[in-house]
Amino acid sequence: MGKPLIIVESPAKTKTLKNLLGGKYELEASYGHVRDLPKKEFGVDLEHDFHPTYVPLTDRKNHIKRLKDATKKADEVYIATDPDREGEAIAWHLQEALNLKDPKRIEFNEITESAVKRALEHPRVIDMDRVNAQQARRVVDRIVGYKLSPLLWKKLGNKQLSAGRVQSVAVRLIVEREREIRAFAAEEYWSITAKLTPEDKVQPFEADLRSKGEKKLEITNQEQADGILGELQGAKYIVKSIKRNQRKRSPAPPFITSTMQQEASRKIGFGAKMTMQTAQKLYEGIELGGAGSVGLITYMRTDSTRIADEAKTAAEQLIRSRFGADYVGSGRKAKAGKRVQDAHEAVRPTDPHRTPDAVKSFLSPQQFKLYDLIWKRFIASQMADSLSDVTTVDISANDYIFRATGSVPTFAGFTAVYTEGKDTMEVEDDENPPLPLLNENDPLRLLDLHPDQHFTQPPPRYTEATLVKALEQNGIGRPSTYATILSVVVDRGYTTLEKKVFSPTPLGEVVSDYLVETFPDTFDIQFTAKMEDDLDQIAEEGRDWVAVVSGFYGPLEVRLSGASNGEQKDIVSDKICPNCGKPMVVKSSKRGAFLGCSGYPECKTIISLDRPADKETDKMCPNCGKPMVIKTGRRGEFLACTGYPECKTAMSVDGKIMPEDKPTDKVCPNCGKPMVIKTGRNGEFLACTGYPKCKTALPLVTSDIPCPTCGEGRMVEKKSKKGKTFWSCSRYPACKTATWDKPTGEKCPTCGDAMVLSNTKTHGERVKCQSKTCNFVQSDEPDKVAV
């Protein structure tokens, strides 16, 4: 027999493992999953314990054959797929597809020599509890996708739509946040800030008005603010009290999947998908010159902050040598949350001594940025707390109390390497600049006293960072699914992601409303989290996976029956008809779903569901003073007044007033109504005023040059889809004459074809015959003819 065979998922891993193990083992890659439920069939037997039918993936059949041949030559087979449930399921599918009797399952959290050798020394059998947890998830997701999606197709007339157990809950979060924003009523409030300095020197600092006597102030309008300013006229500002204390700040723990995605979004602008793709390459191995292929980080799909003892020791050595013994942390222990599987370690560098600068020349810019982030986060997590002296000063002025807070860093600690990013602009007490040296009863000189008007702000829309955080906090999905969830909700057209912010599309809102109303349990946030807990119990406690799926499917089946057989009611959206004020309802046609006015047929207003939702702006309508929003029309984005239809002001996004329709004396050849000149992306054109019933549009004749082919039309200037100018007959499509060169209206003296003005790099601008078989070119000199 031959050498032992190790099967991994990725070919990149084989290179790294060969570098570590030499020629002692044969290495092959499965290229991920080799079997799955069939694509075009349900594949789940609902009558017999939800038995799944697995088939070889079409693009993996050659891989399966290659792996079978390799296993026949091997005296032992090790399956080293990823150390999570998905990896365990892949290992089982490999065992089944390759007809392996007793494969040895090994797993390692990092691709290093010590970790791999340790795994080879302690093989185990495939963990069927983990496999069953993954099977249960796959079956439940297949049930939701195959049973609910057809209802969406039927209701909304669009077979591109899909329902997903987790993705639909993510859309629900985004939709509900958007509605919070819309319903938010801003409240006015004021602040008053004093700019002060000690009387004997100029060291300005600011203090905010807090209270009058013992009563905390809430200033809600300008009249109140002006009254307080009046009472502070001529007031003496005196230091009333000073409190000093030490502020200790601890470092953030090393990365788990969700925090890595959040921080990569905040600090280096990576989306969740890019973060995971880049991390995968760092985990599987990077060519480091003479060192060969080396795995730089531990496994990146994890919800545990646990750190191996040898990694802690290595980090301590590095911190001690670089910063000194005072900077070494005190051995913090990772805290496991309620839903943490803790199957393996946090995301960290495999060797802390391999600094980002040391490997920078071998990494792509994206790889370097992420590795630098992971390395710094891990090193900082093992460092000592930072210390600051925080001073809080209360200042009296008549009966009013102002407060100033300042801080002085006394020990950098972990901040010498890294500080965690934030999703808000809030400033902590220990982040304020230092105050001048003050003592109680010191008089202060007022430099300025100014009021500021504020308005309470609605909750912010989700970013990739905050949505991942919300999914994690609500127990929705697992580390391996976050990036996919974020991609799917955009790819399906349910949300948009612009300027790193998620907004629901009208389609997303309608789909979410329908699913939540029809299947309230299935798409309930707490119910979805409970399903994750149930899956954990299958993997960790051996709970019966069939019972879990049955408990999920029972209530769903009842709802499905009611939705399929019950009376089809209109889905009422939260949109209001802009013309009559009645609610808009979802309608469907051959072209798909749309919003139609519930006042039909009296009101025939319709709104496309495919069109992106309006975007708020800070611009005001120059005609009526109402807010402007960005809408998307046939010609792209434009600014429109929210006072429509009373105010029909529309502007380009850069603020230019959009041209109004110009009346003409021309009549529509189809319906007899007047034609007007409109402006489109390709310039001006004639349009019927009977639109949208009559959609006649004609080119605006911009020349008197007759068409050289038909003689009836006129040659008009147009633009192609790519923006290139060309000339064509105004009678198109009856006459399809077109040319890139501008016609002159003259005939060629040689062949009688049309003359055109040509401009090329070789010959420059010249008048020539447009015929490809005639070489006539008009000379600049009138007594000469060039041919």
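Below you will find a few notes about this structure.

The next thing to look at is the overall build of the protein chain. The helix and strand tally for the protein chain stands at 17 helices and 39 strands. The C-alpha atoms of the protein chain give a radius of gyration of 35 Å, which is well past the 28 Å a tight globule of 787 residues would have. Over its C-alpha atoms, taken along the principal directions, the protein chain stretches across nearly 95 × 95 × 75 Å. Long-range contacts, defined as pairs at least 24 residues apart, comprise 61% of the intrachain contacts of the protein chain with a sequence gap of at least 6. Side-chain charges of the protein chain comprise 118 positive and 109 negative groups, with the mean position of each set lying 6 Å from the other.

In a regular helix each residue adds 1.5 Å, so 13 residues correspond to 18 Å; helix α3 (residues 85-97) covers 18 Å between its end C-alpha atoms and thus fits that length. Most of α3 is tucked away: 11 of the 13 residues are buried. Taken together, the buried positions of α3 are occupied by R85, G87, E88, A89, I90, A91, W92, H93, L94, Q95 and A97. N99 lies just past α3 and shows a positive phi near 55 degrees.

With that settled, the discussion passes to the environment of H33. Among the secondary structure elements, H33 is positioned in the loop between β2 (26-29) and β3 (35-36). Using a relative accessible area of 23% as the deciding quantity, one classes H33 as partly exposed. As for H33 and R478, which are separated by 445 residues in sequence, their C-alpha atoms are 19 Å apart. For H33, the residues in contact, after removing those within four places along its chain, are L57, R60, E86, I90, H93 and Q134. Only 2.7 Å separates the side chain of H33 from the side chain of E86, close enough to count as a polar contact.

The subject of this paragraph is helix α14 (residues 482-491). Along α14, the residues that are buried comprise Y482, A483, I485, L486, S487 and V489. Tucked inside the fold, the buried residues of α14 contact α6 (167-183), α8 (257-268), α9 (272-284), α13 (464-473), β18 (495-498) and β19 (501-504). Just downstream of α14, G493 is the residue with a positive phi angle, here 80 degrees.

Structurally, E86 can be placed in helix α3. A relative accessible area of 33% means that E86 is categorised as partly exposed. Put simply, E86 and K147 are 61 residues apart on the chain and 24 Å apart in space, counted from C-alpha to C-alpha. Look past the residues within four positions of E86 in its chain and what remains in contact with it is H33 and Q134.

What follows is about the packing of helix α10 (residues 309-323) against helix α12 (residues 365-381). At a closest axis distance of 9 Å, the pairing of α10 and α12 adopts a crossing angle of 85 degrees. It follows that α10 is roughly perpendicular to α12 by the angle criterion. Listed contacts from α12 to A311, A315, L318, I319 and R322 of α10 are W375, F378 and I379. Its residues placed into classes, the contact of α10 with α12 shows 7 nonpolar, no polar and 1 charged.

Our focus in this paragraph is the sheet that holds strand β8 (residues 104-105). Spatially, 4 strands are ordered β2-β1-β7-β8 in an open sheet, and the strand pairing comes out parallel. Among the strands making up the open sheet, the edge pair consists of β2 and β8.

This brings us to the pattern of salt bridges. One pass over the structure, following the stated rule, counts 40 salt bridges. For the salt bridge of E113 with K117, the shortest nitrogen-to-oxygen distance reads 2.8 Å. Taken together, the residues span about one helical turn, with E113 and K117 both in helix α4 (residues 113-121) at a distance of 4 residues. Assessed through its relative accessible area of 41%, E113 is described here as partly exposed. Given a relative accessible area of 37%, K117 falls into the partly exposed group.

Glancing now at the sheet that holds strand β33 (residues 725-729). Pairing is antiparallel across the open sheet formed by 3 strands, whose spatial order is β32-β33-β34. Pairing within the sheet leaves two strands with one partner each, and these edge strands are β32 (715-719) and β34 (738-739). Pairing of β32 with β33 involves 5 bridges; the strand directions are antiparallel. Counted as the bridge partner of M715 is C729 from β33.

With 142 residues, the main nonpolar core has F108 and I297 as its most contacted residues. Among the elements that line this core, the one with the most residues is helix α5 (residues 128-156), at 11 residues. The residues touching I297, leaving out its near neighbours within four places in the chain, are A279, L282, Y283, V347, R348, P349, T350, Y371 and I374. By size, the runner-up hydrophobic cluster in this structure holds 26 residues, among which are A207, I219, Y237 and V393.

How each quantity is defined
- Residues numbered from 1 in each chain as written.
- Predicted model: local features only at pLDDT ≥ 70, side-chain atom pairs only at ≥ 80, totals over all residues.
- Heavy atoms only, no water.
- Helix = DSSP H or I, 4+ residues; strand = E, 2+ residues; numbered from the N terminus.
- Rg over C-alpha atoms; globule rule 2.2 N^0.38 Å.
- Contact = heavy atoms within 4.5 Å.
- Lys, Arg positive; Asp, Glu negative; His and termini not counted.
- Charge placed at Lys NZ, Arg CZ, Asp CG, Glu CD.
- Expected span 1.5 Å × (residues − 1).
- Buried < 20%, exposed > 50% of the residue type's maximum accessible area, 1.4 Å probe, protein only.
- Polar contact = N/O pair within 3.5 Å; in protein donor to acceptor, adjacent residues only side chain to side chain.
- Axes fitted to C-alpha atoms, helices over the stretch in contact; angles between N-to-C directions.
- Parallel < 35°, antiparallel > 145°, perpendicular 65-115°, else oblique.
- Nonpolar A, V, L, I, M, F, W, Y, C, P; charged D, E, K, R; others polar.
- Pairing = 2+ DSSP bridges.
- Salt bridge = Lys/Arg side-chain N within 4 Å of Asp/Glu carboxyl O.
- Core = buried A, V, L, I, M, F, W, Y, C linked by side-chain atoms within 4.5 Å.

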